[in-house]
Amino acid sequence: MRTAADLQAALTQTPGQKVGLVPTMGFLHEGHAALIRRARAECAVVVVSIFVNPLQFGPSEDLARYPRDLERDLALAGEAGADLVFHPGAGEMYPPGFSTRVEPSGVSDGLDGASRPGHFAGVATVVLKLLGLVRPDRAYFGEKDWQQLAVVRRVVCDLNVPVEIVGVPTVRAPSGLALSSRNSYLTPEQQERAAVLSRALRAVQAAYAAGERDTGRLLGAGRAILAQEGELELDYLAIVDRNMAQTPYVHPDPLNRVLIAARLFGVRLIDNLPLDPG
């Protein structure tokens, strides 16, 4: 369905049934399939949105070349268990005269919020629009975009949106590289080398498991791994608590997370892991 009217007409045919929403930008992969399967297991109706959202791209980012393959996406979504796919154009989501944005703060301020000004306002705006159109009981997001997940949860809480936000663990290639649509920009060899990001995160985990609690020394263990890849340009490597705050000393908390963003072979990649995998 390409229009909000068609989507809502279809949803009126399923009154009283639990609805799950999986928001995506398309070019689906096994990580998206995991979200859809989780929604399928928990909801009677599963809606997948496919929309490359221009509001969350900066002027020098990859909006124009972001990978797209609708036919493949529809096949994967159907195989994973989606009932409905909403694929609007930009004009449907942002008609002439559109002038309202959601501006989150707090959990959105640092890391990607600092590196990509306006990004989380674009994310929050489109997610709120999709939640308003679908009115799901649950919405499913991958944990790979940990800060995005935190922002969505904050917006939903602050604005009293009646939906449960479900985080689904990151799906990885055998090398450890987190699956991402942007991985398609890399050759198979480059993807293998990009697994250095997850190795660095695991090095931080290992230092924490060995008893280290000083943030600087924990992150130093990760930077030592990253230094082995000469093509890597680090944006940030950070440890955050449940409020996305960074502190010099880590206090035990199951929601502590180590996050990374780096550019490798011209492609910006992100990843994260729990500091204590439990």
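Data block above holds the structure.
Everything in this summary refers to the structure shown in the same document. (Residues numbered from 1 in each chain as written. Predicted model: local features only at pLDDT ≥ 70, side-chain atom pairs only at ≥ 80, totals over all residues. Heavy atoms only, no water.)

Thoughts on the sheet that holds strand β6 (residues 232-240)
Phase 1 of the analysis: Strand order in this open sheet of 3 strands is β6-β7-β8, and the pairing throughout is antiparallel. The outermost strands of the open sheet, each flanked by one partner alone, are β6 and β8 (267-274). Strand after strand, the sheet turns through a mean of 15° between neighbouring axes, direction not considered.
Phase 2 of the analysis: Where strand β7 (residues 257-264) meets β8, 8 bridges bridge the pair, whose relative direction is antiparallel. Among the inter-strand pairings, A262 is bridged to a residue of β8, identified as L269. (Pairing = 2+ DSSP bridges. Helix = DSSP H or I, 4+ residues; strand = E, 2+ residues; numbered from the N terminus. Axes fitted to C-alpha atoms, helices over the stretch in contact; angles between N-to-C directions.)

A closer look at empty space enclosed by the protein
Phase 1 of the analysis: Overall, the coordinates contain 1 cavity of 30 Å³ or more when judged by the stated rule.
Phase 2 of the analysis: If you add up the space inside the largest cavity, you get close to 60 Å³.
Phase 3 of the analysis: Considering the residues around the largest cavity, the lining is formed by K144, L177, A178, S180, N183, L197, L269, I270 and D271.
Phase 4 of the analysis: Broken down by class, the residue content of the lining of the largest cavity amounts to 5 nonpolar, 2 polar and 2 charged. (1 Å grid on protein atoms, 1.4 Å probe; cavity = no way out; pocket = protein on both sides within 12 Å on 5 of 7 lines; lining within 4 Å. Points joined across faces, edges and corners; volume = space filled by probe spheres on them. Nonpolar A, V, L, I, M, F, W, Y, C, P; charged D, E, K, R; others polar.)

A word on helix α1 (residues 4-11)
Phase 1 of the analysis: Inspection of α1 places A4, L7 and L11 among the buried residues, and these make up the whole buried set. Down the axis of α1, the buried side of the element spans an arc of 65°, and every buried residue falls inside it. (Buried < 20%, exposed > 50% of the residue type's maximum accessible area, 1.4 Å probe, protein only. Arc of directions from axis to C-beta.)

Concerning the pairing of strand β5 (residues 164-168)
Two faces make up the sheet, and in a regular strand the side chains alternate between them.
Phase 1 of the analysis: The element β5 is largely enclosed, with a buried count of 4 among its 5 residues.
Phase 2 of the analysis: Direction of pairing for strand β4 (residues 138-142) relative to β5: parallel, over a ladder of 5 bridges. In the sheet register, Y140 faces β5, and the bridge partner there is V166.
Phase 3 of the analysis: In this fold, the crossover linking β4 to β5 by way of helix α7 (residues 146-158) has right-handed handedness. (Right-handed = clockwise from strand over helix to strand, strands pointing away.)

Here we look at the pattern of salt bridges
Phase 1 of the analysis: Scanning the model with the defined rule gives 17 salt bridges in all.
Phase 2 of the analysis: A salt bridge links R40 to D83, with the nearest nitrogen and oxygen atoms 2.8 Å apart. Of this pair, R40 sits in helix α2 (residues 30-42) while D83 sits in the loop between α3 (70-80) and β3 (84-86), and the two are 43 residues apart along the sequence.
Phase 3 of the analysis: The class for R40 is partly exposed, based on a relative accessible area of 29%.
Phase 4 of the analysis: Taking relative accessible area as the criterion, D83 reaches 43% and is therefore assigned partly exposed.
Phase 5 of the analysis: We note a salt bridge from E164 to R138, for which the minimum N-O separation is 2.9 Å. Of this pair, E164 sits in strand β5 while R138 sits in strand β4, and the two are 26 residues apart along the sequence. (Salt bridge = Lys/Arg side-chain N within 4 Å of Asp/Glu carboxyl O.)

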